[in-house]
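Here is how the chains run, residue by residue.
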Amino acid sequence: ERRPAAGAARAAAGAPPVKRDRLDVIDGIGRVYEQKLNRAGVYTYAKLASMSARRITEIIQPREWQKIEPEKWAREAEKLARKAAARKH
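Scope of this entry: the structure provided in the associated data block. (Residues numbered from 1 in each chain as written. Predicted model: local features only at pLDDT ≥ 70, side-chain atom pairs only at ≥ 80, totals over all residues. Heavy atoms only, no water.)

Comments concerning the pattern of salt bridges
This structure, assessed with the given rule, holds seven salt bridges. Arg22 is the partner of Asp24 in a salt bridge, and the nearest nitrogen-oxygen pair spans 3.1 Å. Judged by relative accessible area, which is 22%, Asp24 ranks as partly exposed. In this structure, Asp27 engages Lys72 in a salt bridge whose closest nitrogen and oxygen atoms are separated by 2.8 Å. (Salt bridge = Lys/Arg side-chain N within 4 Å of Asp/Glu carboxyl O. Buried < 20%, exposed > 50% of the residue type's maximum accessible area, 1.4 Å probe, protein only.)

Printed below as a string of structure tokens:
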């Protein structure tokens, strides 16, 4: 049995996630893909950066004609997460 991610459980309960990054600033992620990621409990750059390309693809479920670059998204998310962490210190 699969359990929902913590972010998805919070969203289902009506509680907002602790933090929400603008995933749509990542090249190739628009509002629709951001919404799909959010529904899967992915709200932060750090979470996206920690995910495998395979898992990102499972969430996005691109059609055959849609080209996505999940490895690139994860790398860009990692850079954005580091920038955000540096601003906090």
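Describing the nonpolar core
Formed by 17 residues in total, the largest nonpolar core has its most connected members in Ile26, Ile29, Leu37, Leu48 and Trp73. When residues of this core are traced back to their parent elements, those giving at least two are helix 2 (31-39), helix 3 (45-49), helix 4 (53-60) and helix 5 (70-88). At four residues, helix 5 tops the list of elements feeding residues into this core. (Core = buried A, V, L, I, M, F, W, Y, C linked by side-chain atoms within 4.5 Å. Helix = DSSP H or I, 4+ residues; strand = E, 2+ residues; numbered from the N terminus.)

Remember, this is a structural readout, not a statement about activity or role.
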